[in-house]
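Listed below are the residues making up each chain.
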Protein chains: 2
Amino acid sequence: MGGDRGVGVTVPAASRILARRSDLELVLVGDSDRIEPLLSRVPAGNRGKLRVLHTDTAVAEDDRPGSVLRSARESSMFLAADMVKSGDAQAMVSAGNSGALLMIGRHLLKTIPGIHKPAMVATIPGASKQSFLLDVGANPECDAQHLFEFAVMGSVLAESLNRAPARVGLLNIGAEHYKGTEAVREAAEKLERCPAIDYVGFIEANEIYHGQADVVVCDGFVGNVTIKASEGVANVIRNVLYHKAGPAYFNRISRFFSASIINSLTMQVNPERFNGACLLGLQGNVVKSHGNASVLGFCHAILEAANEIDNQVPRLIANKVESIMATA
Amino acid sequence: MGGDRGVGVTVPAASRILARRSDLELVLVGDSDRIEPLLSRVPAGNRGKLRVLHTDTAVAEDDRPGSVLRSARESSMFLAADMVKSGDAQAMVSAGNSGALLMIGRHLLKTIPGIHKPAMVATIPGASKQSFLLDVGANPECDAQHLFEFAVMGSVLAESLNRAPARVGLLNIGAEHYKGTEAVREAAEKLERCPAIDYVGFIEANEIYHGQADVVVCDGFVGNVTIKASEGVANVIRNVLYHKAGPAYFNRISRFFSASIINSLTMQVNPERFNGACLLGLQGNVVKSHGNASVLGFCHAILEAANEIDNQVPRLIANKVESIMATA
């Protein structure tokens, strides 16, 4: 039900995914009066893999996250998370209110033992491989322990998805050990003492795109600003090119942007518009699709959820946390 | 003495500025053995406007700011700030260690009454007029009162330089009143209650370049990350264009970048490489040139200092703070 276009995007996306991934079964949680009419286009052979769980309430985009646990227990978001909790579903995907999703996810699924706060992860496109930035908005205020836990979770995700050891950096405003906030400096000390993490030191924001680290850790305020400032600049540059070069010339230039980092930055990296940002640290797979995702975008978010099921990311995180605690 | 190339940049810049601005007199504070040989190229008519104040010690780029007050009292940076304090100079310009400059500036010049922390200001290029972002690195940790004071100082600077009323926004991770950190939310309440400031609400990082606010306020960690992430993306896009389009084509495209925001972002906005970032809030004019400034770049920093003298920015800030306190 969530996102700018609700069932107009989510239902066609579900239908399209079933045509590609015969191993998946999907449950559409929401208003059946609005969902059912859209199911006529689902090929008969796939209809059995699609189920509707009806509810006529939904979390609104402007609902205050703090109030959803009181007022939204019958909402589609709550019921979907409850399915993940009960094991009726292995993952949930939502294009709705991020803050509410975080609140409901924490309440129903709980965090992994040893993890205090779930974090939202953004993928940073790179020349050779992707890297990961977290947290990008779930936790505006973090202490050193939270940052340390983000480093653990991020390294598990990066190793699982890149299938290679992950180097972890802390986002800071300089390379010297005395730079930054107390939380960042203390987190650096914790990471230096932890042999299970390949900690490479402080990373400045302009270096995020250089690939020195596979995982860059920061609090949710700083991460959100990093991603949005990056998107803002990429858009400004697009506009400068368009207006200075003129539309015809711009079209010629544009082909250099296709599949390039500019598209990646403007389309993928913004956490609000990110196709399948995972909420890491919960005992269950929760994927946030951006609110204005297209059908194709929402398909990516569903595939991301399938990916997390396949990789068993929450279990890998739990194992890593346990082994770190055992050696600490 | 500061910056990557020391007197090789600062002395020729001083010479060049005297040719342009006959109203200025410059004092070169540093090692006369290294400065004097470079003065032979100064036209005889301007030689009288250039004085050398000798000292053979200088703050190093890697000196820890916390130690400079004990160890660097004979340094060129300390002596230059002392000249501003005594009134022998109306402004100082340094390409040296930012943290040390902040420490020495606070110690000798003190903050303006009512201002607890000086802030470093970056200029954000815009389509119609420039806007200002502060703090971009002087204070990694700020409370609501500090942010409020940055808003006051920023609005004075913007009104003085743009010669128009300034709209002030707070950098946050969303527009809703409950978003962000406690410090940011409290600062918003303070600004809403202050009739002397035209407060326009929360600004997200991607909106900084849209011009809804003339002044955007944040703590020094967030501001530094904003600027450096912006620079990082601009550089990545340059590289993508260069490698995808090839050098010849890139040169054709490049002319659209000249004097555009990309150049502005990569060359001007980075606080470490910023040509003449003012340190706002001190009882005296202090301008930080970037460490790798060219002669032309250092000229800009000197002109920025002259600009601040002309505009009497510290006095304007003191007046505004006084009038806000009187009506509070």
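Everything quoted here is computed from the prediction, not taken from an experiment. (Residues numbered from 1 in each chain as written. Chains lettered and ligands numbered in written order. Predicted model: local features only at pLDDT ≥ 70, side-chain atom pairs only at ≥ 80, totals over all residues. Heavy atoms only, no water.)

Asks: Help me understand the overall build of chain A in this model?
Replies: Across its full length, chain A holds 13 helices and 10 strands. Buried residues in chain A amount to 59% of all 328 residues. A sequence separation of at least 24 residues applies to 71% of the contacts in chain A between residues at least 6 apart. (Helix = DSSP H or I, 4+ residues; strand = E, 2+ residues; numbered from the N terminus. Buried < 20%, exposed > 50% of the residue type's maximum accessible area, 1.4 Å probe, protein only. Contact = heavy atoms within 4.5 Å.)

Asks: Explain the packing of helix H1 (residues 7-20) of chain B against helix H12 (residues 295-311) of chain B here, please?
Replies: The packing of two helices is summarised by the inter-axis angle and the distance between the axes. All names here are of chain B. Their axes nearest at 8 Å, the elements H1 and H12 cross at an angle of 60°. One finds that H1 runs oblique with respect to H12. Of the two possible hands of crossing, H1 and H12 adopt the one that is right-handed. In this structure, H1 uses Gly8, Val9, Thr10, Pro12, Ala13, Ala14, Arg16, Ile17 and Arg20 to contact H12, whose residues at the interface are Val295, Leu296, Phe298, Cys299, Ile302 and Leu303. (Axes fitted to C-alpha atoms, helices over the stretch in contact; angles between N-to-C directions. Parallel < 35°, antiparallel > 145°, perpendicular 65-115°, else oblique. Left-handed = near helix turned anticlockwise from the far one by under 90°.)

Asks: Honestly, the environment of glutamate 186 of chain A in this entry has me stumped. Any pointers?
Replies: Topologically, glutamate 186 of chain A is positioned in helix H8 (residues 182-192). Between the C-alpha atom of glutamate 186 of chain A and that of glutamate 74 of chain A, which follows or precedes it by 112 residues, the distance is 42 Å.

Asks: Where do I start with the side chain of lysine 117 of chain B in this structure?
Replies: Residue and element names in this part refer to chain B. Tracing the backbone through its elements, the reader meets lysine 117 in the loop between helix H6 (98-109) and strand S4 (119-124). Notably, lysine 117 is buried but unbridged: the nearest opposite-charge side chain belongs to aspartate 143, and the N-O separation is 7.0 Å. With near-sequence residues (within four places) excluded, lysine 117 lies in contact with Arg106, Thr111, Asn139, Glu141, His146, Glu149, Phe150 and Met153. (Lys, Arg positive; Asp, Glu negative; His and termini not counted. Salt bridge = Lys/Arg side-chain N within 4 Å of Asp/Glu carboxyl O.)

Asks: I'm lost on the environment of aspartate 88 of chain B in this one. Help?
Replies: All names here are of chain B. By the element assignment, aspartate 88 lies in the loop between helix H5 (76-86) and strand S3 (91-94). Using a relative accessible area of 55% as the deciding quantity, one classes aspartate 88 as exposed. Once the C-alpha coordinates of aspartate 88 and valine 68 are considered, the two residues, 20 residues apart in sequence, prove to be 22 Å apart.

Asks: Is there a simple way to explain the pattern of salt bridges in this structure?
Replies: Two side chains with opposite charge may pair up if their charged atoms get near one another. Taken as a whole and judged by the stated rule, the model has 12 salt bridges over all chains. The residue arginine 21 of chain A makes a salt bridge to aspartate 23 of chain A at a minimum N-O spacing of 2.9 Å. With a relative accessible area of 21%, arginine 21 of chain A lands in the partly exposed category. Linking lysine 179 of chain B and glutamate 176 of chain B is a salt bridge whose minimum nitrogen-to-oxygen distance equals 3.4 Å.

Asks: Looking at this structure, I do not really get H5 of chain B. What am I missing?
Replies: Given 3.6 residues per turn, any residue in an α-helix points the same way as the ones three and four places further on. Residues and elements named next belong to chain B. Of all 11 residues in H5, eight are buried, a share of seventy percent or more. When H5 is considered as a whole, its buried residues turn out to be Ser76, Met77, Phe78, Leu79, Ala80, Ala81, Met83 and Val84. The inward-facing, buried residues of H5 contact strand S1 (26-30), strand S2 (50-54), helix H4 (65-71), S3, H6 and strand S10 (285-289). Phi for glycine 87, located one or two positions after H5, is positive at around 90°.

Asks: I keep staring at the packing of helix H7 (residues 144-162) of chain B against helix H13 (residues 313-327) of chain B and nothing clicks. Help me out?
Replies: All names here are of chain B. Where H7 meets H13, the axes come as close as 9 Å, and the angle between the chain directions of the two elements is 130°. Judged on the interaxial angle alone, H13 and H7 are oblique. As H7 packs across H13, the resulting crossing turns out to be right-handed. Contacts between H7 and H13 involve Phe148, Val152, Met153, Ser155, Val156, Leu157, Glu159 and Ser160 from the first element and Val313, Leu316, Ile317, Lys320, Val321 and Ile324 from the second.

Asks: Honestly, the environment of valine 156 of chain B in this entry has me stumped. Any pointers?
Replies: All names here are of chain B. Tracing the chain through its elements places valine 156 in helix H7. Take valine 156: its relative accessible area is 7%, and that puts it in the buried class. Between the alpha carbons of valine 156 and valine 216 there is a distance of 13 Å; along the sequence they are 60 residues apart. Among residues more than four places away in sequence, those in contact with valine 156 are Val313, Leu316, Ile317 and Lys320.

Asks: Would you take a moment to explain empty space enclosed by the protein for this structure?
Replies: Residue and element names in this part refer to chain B. For the coordinates displayed, the defined rule picks out five cavities of 30 Å³ or more. Taken as a whole, the largest cavity encloses approximately 40 Å³ of empty space. Looking at the largest cavity, the residues that line it are Leu279, Leu280, Gly281, Leu282, Gly284, Asn285, Val286, Glu308, Val313 and Pro314. Elements that contribute at least two residues to the lining of the largest cavity include exactly strand S9 (275-280), S10 and H13. (1 Å grid on protein atoms, 1.4 Å probe; cavity = no way out; pocket = protein on both sides within 12 Å on 5 of 7 lines; lining within 4 Å. Points joined across faces, edges and corners; volume = space filled by probe spheres on them.)

Asks: Quick question: what am I supposed to make of H13 of chain B here?
Replies: Residues and elements named next belong to chain B. Between its first and last C-alpha atoms H13 spans 21 Å; for 15 residues at 1.5 Å apiece the expected length is 21 Å, and the two agree. Within H13 the residues assigned to the buried category are Val313, Pro314, Ile317, Lys320, Val321 and Ile324. Relative to the axis of H13, the buried residues are bounded by an arc of 125° and lie together on one face. For H13, exposure combined with an orientation more than 90 degrees from the buried face picks out Arg315, Glu322, Ala326 and Thr327. (Expected span 1.5 Å × (residues − 1). Arc of directions from axis to C-beta.)

Asks: Would you explain the pairing of strand S7 (residues 198-203) of chain B in this entry?
Replies: Successive side chains on a regular strand alternate, one facing one side of the sheet and the next facing the other. All names here are of chain B. As defined by bridge partners, strand S6 (residues 167-171) adjoins S7 across five bridges and the pair is classed as parallel. Directly across from leucine 170, in S7, lies its bridge partner phenylalanine 202. Note on the crossover from S6 through helix H8 (residues 182-192) to S7: the handedness is right-handed. (Pairing = 2+ DSSP bridges. Right-handed = clockwise from strand over helix to strand, strands pointing away.)

Asks: What's the story with a negative patch on the surface in this structure? I'm lost.
Replies: Negative charge collects at one region of the surface, where Glu141 of chain A together with Asp143, Glu182, Glu186, Glu189 and Glu192 of chain B lie side by side. Note on glutamate 182 of chain B: relative accessible area 48%, which makes it partly exposed. (Patch = residues over 30% accessible without salt bridge, like charges linked within 9 Å, V, L, I, M, F, W, Y side chains within 5 Å. Areas by Shrake-Rupley, 256 points an atom, 1.4 Å probe, with all protein chains shown as cover. Charge placed at Lys NZ, Arg CZ, Asp CG, Glu CD.)

Asks: Help me understand the confidence of the model for chain A, please; the structure alone is not making it clear to me.
Replies: Segments scoring low in pLDDT should not have their predicted coordinates read at a detailed level. All names here are of chain A. Confidence along chain A averages 88 in pLDDT terms, with 89% of residues attaining 70 or more. Here residues 266-274 is modelled with pLDDT under 50, and outside its nearest four sequence neighbours on either side it reaches 36 contacts, counting other chains as well. Our summary of model confidence lists the complex with pTM equal to 0.88 and ipTM equal to 0.87. (pLDDT = per-residue confidence, 0-100.)

Asks: Hey, could you run me through the side chain of histidine 146 of chain B in this one?
Replies: For histidine 146 of chain B, the position within the fold is in helix H7. For histidine 146 of chain B, the residues in contact, after removing those within four places along its chain, are His116, Lys117 and Glu141 of chain B.

Asks: Where do I start with the state of the cysteines in this structure?
Replies: Between two cysteines, a covalent bond joining their sulfur atoms is known as a disulfide. All told, the structure shown has zero disulfides over all chains when counted by the stated rule. Just so you know, cysteine 299 of chain A is unpaired, no disulfide at all, and the nearest cysteine sulfur is the one on cysteine 278 of chain A, 18 Å from it. This cysteine, cysteine 218 of chain B, is not joined by any disulfide, and cysteine 142 of chain B carries the nearest cysteine sulfur, 8.4 Å off. For cysteine 218 of chain B, a relative accessible area of 4% translates into the label buried. (Disulfide = S-S within 2.5 Å.)

Asks: For this particular structure, what's the right way to read unusual backbone geometry?
Replies: Peptide bonds are mostly trans, and most non-glycine residues show a negative phi. The peptide bond linking leucine 134 of chain A to aspartate 135 of chain A adopts the cis configuration, its omega dihedral lying at 0°. As for its position among the elements, aspartate 135 of chain A is in the loop between strand S5 (131-134) and helix H7 (144-162). For arginine 163 of chain A, which is not glycine, the phi dihedral falls at a positive 50°. Judged by relative accessible area, which is 67%, arginine 163 of chain A ranks as exposed. Phi is positive for glutamine 312 of chain B, close to 50°, though the residue is something other than glycine. Mapped onto the elements, glutamine 312 of chain B comes out in the loop between H12 and H13.

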